[in-house]
Structures are given as C-alpha cells and as structure tokens.
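Given next are the chains, with one letter for each unit.
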Amino acid sequence: MIFFCVAASAVYVLNDIIDMRDDKRHPDKVVTRPLAAGAVTVFHALVLLFLLYGTLALAWVLAPDIVFVLALYVVLNVAYALVLKHQPVIDIFTIAIGFVLRVYAGAMAIGVQVSQWMFVTTLCLALYLAATKRRQELSQVGVAGRAVLQRYTVALTERFAEMSSTGAILFYSLYVMSSKPQLVVTIPIVLFGLYRYAYAVEALGKGQSPTDVLWTDRQLALGIVVWVVTCVWLLWPSGGG
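Report follows, based on the coordinates. Per chain, residues are indexed from 1 in the order of the written sequence. At least 70 in pLDDT is required for a residue's local features to be given in this predicted model, at least 80 for side-chain atom pairs to be given and counted, and no such filter applies to totals for whole chains, interfaces and linings, which use all residues. As a convention, hydrogens and water are excluded, and side-chain values are obtained from all of the structure's heavy atoms.

Here we look at the overall build of the protein
1) Next: Looking only at helices and strands, the protein features 13 helices and zero strands.
2) Next: Only DSSP runs of H or I covering at least 4 residues are called helices, and only runs of E covering at least 2 are called strands; the numbering of each starts at the N terminus. Beginning at the N terminus, the succession of helices and strands in the protein can be written as α-α-α-α-α-α-α-α-α-α-α-α-α.
3) Next: With the radius of gyration taken over C-alpha atoms, the globule rule is written as 2.2 Å times the number of residues to the power 0.38. Against the 2.2 N^0.38 benchmark of 18 Å for 241 residues, the protein shows a C-alpha radius of gyration of 19 Å, consistent with a compact globule.
4) Next: Within the protein, buried positions represent 40% of all 241 residues. Accessibility here uses a 1.4 Å probe with only protein chains present; expressed as a share of the type maximum, an area under 20% marks a residue as buried, one over 50% as exposed, and anything in between as partly exposed.

Structural notes on the environment of Leu174
1) Next: Of note, Leu174 is situated in helix H10 (residues 154–179).
2) Next: Exposure remark for Leu174: the relative accessible area of 31% places this residue in the partly exposed category.
3) Next: In this structure, the C-alpha to C-alpha distance between Leu174 and Thr121, residues 53 residues apart in sequence, is 9.5 Å.

Let's talk about the layout of surface pockets
1) Next: For each structure, a 1 Å grid was placed over the protein atoms alone; sets of points admitting a 1.4 Å probe that cannot get out are labelled cavities, open sets with protein on both sides within 12 Å along at least five of seven lines are labelled pockets, and lining residues have an atom within 4 Å of a point. Grid points are joined across faces, edges and corners, and a volume is the space filled by probe spheres set on the points. Taken as a whole, the second largest pocket spans an internal volume of roughly 210 Å³.
2) Next: Along its surface, the second largest pocket is lined by Tyr128, Thr132, Arg135, Glu158, Ala161, Glu162, Ser165, Ala198, Val201 and Glu202.
3) Next: Residue assignment for the lining of the second largest pocket shows that the elements contributing at least two residues are helix H9 (116–140), H10 and helix H11 (187–202).
4) Next: With four residues, H10 is the largest single contributor of residues to the lining of the second largest pocket.

Notes on helix H13 (residues 218–235)
1) Next: Here the expected length of a helix is defined as 1.5 Å per residue gap, with one fewer gap than residues. Its 18 residues place the ends of H13 26 Å apart at the C-alpha level, agreeing with the 26 Å of an ideal helix rising 1.5 Å per residue.
2) Next: Tucked into the core, H13 has its buried residues touching H11 and helix H12 (210–216).
3) Next: Each polar contact in these results corresponds to two N or O atoms within 3.5 Å; when the atoms are within protein, one needs to be able to donate a hydrogen and the other to accept it, and residues that are neighboring in sequence are counted only if both atoms are side-chain atoms. At the N-terminal end of H13, a side-chain oxygen is found 3.3 Å from the backbone nitrogen of Gln219, two or three residues along, and the residue is Asp217. We call two residues in contact whenever any of their non-hydrogen atoms come within 4.5 Å of each other.

Details of the nonpolar core
1) Next: Each nonpolar core is a collection of buried residues, namely Ala, Val, Leu, Ile, Met, Phe, Trp, Tyr and Cys, held together in the definition by side-chain atoms within 4.5 Å. Ranked by internal contacts, the top residues of the largest apolar core, which has 28 residues, are Phe3, Phe4, Leu56, Leu70 and Tyr73.
2) Next: Of all the elements, helix H1 (residues 2–18) adds the most residues to this core, at ten residues.
3) Next: Among residues more than four places away in sequence, those in contact with Phe3 are Thr55, Leu56, Leu58, Ala59, Leu62, Ala63, Ile66 and Leu70.
4) Next: Formed by 27 residues, the second largest nonpolar core is a distinct cluster that contains Ala130, Leu183, Leu194 and Cys231.

Remarks on the packing of H9 against H11
1) Next: Orientation is described by axes fitted as lines to C-alpha atoms, over the contacting stretch for helices, and by angles from 0 to 180 degrees between their N-to-C directions. Taken N-terminus to C-terminus, the directions of H9 and H11 make an angle of 10 degrees; their axes are 11 Å apart at the nearest point. In this view, H9 runs roughly parallel relative to H11, as classed from their interaxial angle. Across the interface between the two elements, Leu125, Tyr128, Leu129, Thr132, Arg135 and Gln136 from H9 touch Leu194, Tyr197, Ala198, Val201 and Glu202 from H11. Working definition: roughly parallel below 35 degrees, roughly antiparallel above 145 degrees, roughly perpendicular at 65 to 115 degrees, and oblique for all remaining angles.

Some points on the side chain of Asp91
1) Next: Along the chain, Asp91 turns up in helix H8 (residues 90–110).
2) Next: Excluding residues that lie within four positions of it along the chain, Asp91 makes contacts with Tyr80, Leu84, Lys85, Arg134, Val148 and Tyr152.

Regarding the packing of aromatic side chains
1) Next: Any pair of Phe, Tyr and Trp rings, taking the six-membered ring for Trp, is counted once the centres come within 6.5 Å. Such a pair is stacked with planes under 30 degrees apart, edge-to-face with planes over 60 apart, and tilted for the rest. Within the structure shown, the criterion is met by five aromatic pairs.
2) Next: Between Arg102 and the ring centre of Phe99, over which it is positioned, the NZ or CZ distance is 4.7 Å. Here, over-ring charges are defined by two tests on the NZ atom of lysine or the CZ atom of arginine: distance to the ring centre within 6 Å, and angle to the ring normal within 35 degrees.

Concerning H9
1) Next: Taking 1.5 Å of rise per residue, the 25 residues of H9 would be expected to cover 36 Å, and the 36 Å separating its terminal C-alpha atoms lies within 8% of that figure.
2) Next: Just beyond H9, the residue with positive phi is Gly142, at close to 90 degrees.

Observations concerning the pattern of salt bridges
1) Next: Here, a salt bridge means any side-chain nitrogen of Lys or Arg that lies within 4 Å of a carboxyl oxygen of Asp or Glu. One pass over the structure, following the stated rule, counts eight salt bridges.
2) Next: A salt bridge links Asp16 to Arg33, with the nearest nitrogen and oxygen atoms 3.1 Å apart. Taken together, the residues Asp16 in helix H1 and Arg33 in the loop between helix H3 (29–32) and helix H4 (34–37) connect sequence positions 17 residues apart.
3) Next: We classify Asp16 as buried; its relative accessible area is 13%.
4) Next: Taking the relative accessible area as the measure of exposure, Arg33 reaches 22% and is therefore partly exposed.
5) Next: A salt bridge links Asp91 to Arg134; the shortest N-O distance between them is 2.9 Å. Pair noted here: Asp91 is in helix H8 and Arg134 is in helix H9, with a separation of 43 residues, a long-range link.
6) Next: Residues participating in the shared-partner salt-bridge network are Asp91, Lys133, Arg134 and Glu137.

In structure tokens form, the structure reads like this:
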C-alpha cells in the first residue's frame, strides 16, 4: 500500500509538471494545483519526484513480489502523462487499468488469488468514475479543461458511464453469487452507491474529483461504510456467514 501511494504521488507530481501551463488556464486547477498556483517551484517538484522514484527503488528489496506490477503501473502512468492522456478512449482505459493493477498487487502482497469477476468489476467501476470525470469536465469547464476533451461530447461520456456502471453491478453480482454467495445482501448497497454517485454528479454538479464526492457526500460515505462493515461481518469466520 505504501509503495503504491508513493508511486501514485510520483505520477501526480510528474503530471502536474507537464500540465502546469494548461492548469494555469483552468479555473479550479490554477488554485488547487501547487505548481499552477505558484506555491511550489518546478525545481522543488523535480527534487520531490527524484526522491519518490528513489523510494520506489526500495521495492526491489522490501517488496519483491510486487516489483513487476509496481513497475508496470509506473510505466503505464508515465506513458499516460506523456502521450496516452491525449488519446480519446485510451485515456479512460489507462486510468481504469491503473486501479486494476492496484488490486492485483494487493492480492499478490497477501498471497490471495483474485477472482476474474473482481478484476472486471474493478475495471468497470474505474471506467465509470473516469467517464463521469470526463463528463463533468466537459459540462463545467469545456474543452479548455484538457486537450482530449475536444474529441469527446457530453452525450458520449454519459453513454460510457452508463455502460460501465451497468457492467460494474452486473459483474459484481455474478462474482458474489459464484464465489461469495453470503454477500448477496450487499448488492443493494452497491446499487445505492452507484445511484447516489450518479445523483451527486447530475443534481449536485460534483464528479470532477471522485475523492471530493466521497468526502463531501455523507450518504455515499455512509453507504460505503455500511458495505465494508457488512462484508467484514459476513466473511468473518465467526460472523453471519
């Protein structure tokens, strides 16, 4: 978990360095991004980036089981920062694959084989969040937000989001019913989460940052807590399962 936090931080620093000029023209990022806001210099960002990549090198010694996945995650995100984020559809899938790699690395770290259903569920959920993010950027900021948005439309990103959310609940349900039938009662909770997130996007104008939605929407946060507690209780050896 620590190594992936470091890797994600390195990716964000690199991306902010590359996007600094565009971020200065963005109404929100010019305030929230340290480089665009002038709170951090490029030199200091490069020093931090060097330190983060140096920390990742320790994975060869401390976490050899996940080195390959970690390296693939870093390479994928560097490619995204330099090239792939300018390619429509590929940009969304690149973001989603990053989440799948995190799940895979976590499974390797604890010696657990992840169900194929869980892989495709994670992919669909990540695609849903990424498509929704693009939709909100288009509707709230327009094509000035990022160059690739010029090749999307709001209607198209909405269709992407609908397909992905449908796939997420479908594959999650199949995973539960085939591998963990005791978790069937959590399916309505997941549905509620998807509905609530869609409400936060459409009615409340959120969604450019999935993290902000989680921290600011109490019903969504409560739904996630209920889902986690229910799963732990049902899967605990002496629990309801």
